[in-house]
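Structural features, examined
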Amino acid sequence: MKEQYDVIALGELLIDFTENGQSGQGNQLFEANPGGAPCNVLSMLNKLGYRTAFIGKVGKDFFGLKLKDTLEQQGIDARNLILDPEVHTTLALVHTLEDGDREFSFYRNPGADMLLKREEIQPDILKNTRIFHFGTLSMTHEQVREATKYAVGMAARYGAMISFDPNLRPPLWNSMNEAREQVNYGLSKCQILKISDDEIQWLTGEEDYDRGVEKIRSQYDIPLILVSMGKCGSKAYYEDMIVEAAPYLMPDTIETTGAGDTFCACVLHYVLLHGLGGLTKTNIAEMLNFANGAAALVTTRKGALKVMPERAEIEKLITEPIIS
């Protein structure tokens with residue numbers, strides 16, 4: 001049967017209000033950037049030539065309609081994006097710190113993305129995808145959690161690889177014990193795990209990433225684990241191999257929004273090309289190098305979903321790195 005999609009993602013689609021200077025009166029200005037980790041991943045994959053689709057919910061309001069248009073402009077299939085006529089689109093205010101890292105304030109109680117229902121998911125689109133990707137923002141509340149688990153189960157039943165990125169946002173959880181329970185659910189279902197340095201330390205209690213991954217592997221059989229380490233680069237754990245790749249530190253970095261999502265998308269790109277079986281140390285180093293380069297480029301731009309780098313830009317950076 002012909003595959004219809006390469007990657008389908010489920011989760012949040014929202015507006016990231018990103019700081020953008022001051023007005024003439026000295027007031028903070030914000031730029032309304034389309035965002036949401038799962039769609040950032042899909043946008044990068046579309047830039048690399050893959051067919052993608054998104055499952056989620058936004059408000060049938062000004063922002064929700066703009067987000068739907070944005071997905072379609074990016075080439076992401078939005079047939080299973082639900083427009084809620086009663087609940088508004090989720091908004092996030094992004095405060096950029098001096099080192100380019102971010103703090104988030106969410107307007108989401110409720111937000112449309114957390115009200116996706118199981119019966120609103122179209123099971124037919126899950127029948128022909130090679131990878132299904134999700135995170136934990138669609139696990140914070142019972143209704144969307146049920147929908148997420150239903151989609152994960154359907155995709156797995158139809159033979160898709162499952163990709164999981166916790167993308168932990170503590171302010172959105174009733175308790176961190178609940179967050180831990182849902183992260184563990186994701187670990188139990190995935191074959192590809194992308195996790196950040198601070199998330200692995202929180203989850204395992206280990207400061208050392210190698211020991212943290214060892215703890216995860218003692219409980220869950222995950223073939224490929226990626227740890228993103230920001231300015232320290234990234235690591236991959238595959239079979240008995242640990243491969244580390246240095247970062248590309250850009251002199252014109254603005255913010256880090258979407259860097260982890262860009263990295264994750266490039267890992268999925270490599271898996272789509274080569275599969276998960278029989279990878280060598282050279283393969284994994286190549287994968288990490290490309291993903292690190294793409295992530296570095298997106299840090300030089302505001303927002304993420306609409307400004308993902310082109311393949312040629314990534315290849316130029318990793319073959320002719322900038323020397324600051």
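The structure reproduced in this document is the subject of the present report. (Residues numbered from 1 in each chain as written. Predicted model: local features only at pLDDT ≥ 70, side-chain atom pairs only at ≥ 80, totals over all residues. Heavy atoms only, no water.)

**Focus: the layout of surface pockets**
- Taken as a whole, the second largest pocket spans an internal volume of roughly 170 Å³.
- Around the second largest pocket sit Ile-15, Ala-32, Pro-34, Phe-62, Phe-63, Lys-66, Leu-67, Asp-69, Thr-70, Gln-73 and Lys-306, which together line it.
- Within the residue set of the lining of the second largest pocket, elements represented by two or more residues are β3 (28-35) and α2 (62-74).
- No other element matches the 7 residues that α2 contributes to the lining of the second largest pocket. (1 Å grid on protein atoms, 1.4 Å probe; cavity = no way out; pocket = protein on both sides within 12 Å on 5 of 7 lines; lining within 4 Å. Points joined across faces, edges and corners; volume = space filled by probe spheres on them. Helix = DSSP H or I, 4+ residues; strand = E, 2+ residues; numbered from the N terminus.)

**As for empty space enclosed by the protein**
- Applying the stated criterion to the full structure yields 1 cavity of 30 Å³ or more.
- The computed volume of the largest cavity comes to approximately 70 Å³.
- Around the largest cavity sit Glu-12, Ala-37, Pro-38, His-133, Phe-134, Gly-135, Thr-136, Leu-137, Asp-165, Pro-166 and Asn-167, which together line it.
- Among the residues forming the lining of the largest cavity, the class breakdown is 5 nonpolar, 4 polar and 2 charged. (Nonpolar A, V, L, I, M, F, W, Y, C, P; charged D, E, K, R; others polar.)

**A short note on unusual backbone geometry**
- Following Asn-109, the chain continues into Pro-110 via a peptide bond in cis, with omega recorded as 5°.
- Mapping Pro-110 onto the fold places it in the loop between β7 (102-107) and β8 (129-134).
- In this structure, Asn-167 is a non-glycine residue whose phi angle is positive, near 45°.
- Within the secondary structure, Asn-167 is located in the loop between β9 (161-164) and α4 (176-189).

**Here's the deal with the pattern of salt bridges**
- Counted under the stated rule, the structure contains 16 salt bridges.
- The salt bridge partner of Lys-194 is Asp-165, with a shortest N-O separation of 3.8 Å. Of the two residues, Lys-194 is situated in strand β10 (residues 192-196) and Asp-165 in the loop between β9 and α4; the sequence distance between them amounts to 29 residues.
- Assessed through its relative accessible area of 4%, Asp-165 is described here as buried. (Salt bridge = Lys/Arg side-chain N within 4 Å of Asp/Glu carboxyl O. Buried < 20%, exposed > 50% of the residue type's maximum accessible area, 1.4 Å probe, protein only.)

**Describing the sheet that holds strand β4 (residues 52-59)**
- Reading across from one edge, β5-β4-β1-β8-β9-β10-β11-β12-β13 is the order of the 9 strands in this open sheet, with mixed pairing throughout. One side of each edge strand has no neighbouring strand; the edge strands of this open sheet are β5 (76-84) and β13 (241-245). Between one strand and the next, the sheet's axes are offset by a mean angle of 15°, whatever the strand orientation.
- Of the pairings in the sheet, the one linking strand β1 (residues 5-10) to β4 comprises 4 bridges and is parallel in character. Within β4, the position partnered with Ile-8 by the bridge is Ala-53.
- This element, α4, spans β8, β9 and β10 of the sheet and lies at about 150° to β9. (Pairing = 2+ DSSP bridges. Axes fitted to C-alpha atoms, helices over the stretch in contact; angles between N-to-C directions. Contact = heavy atoms within 4.5 Å.)

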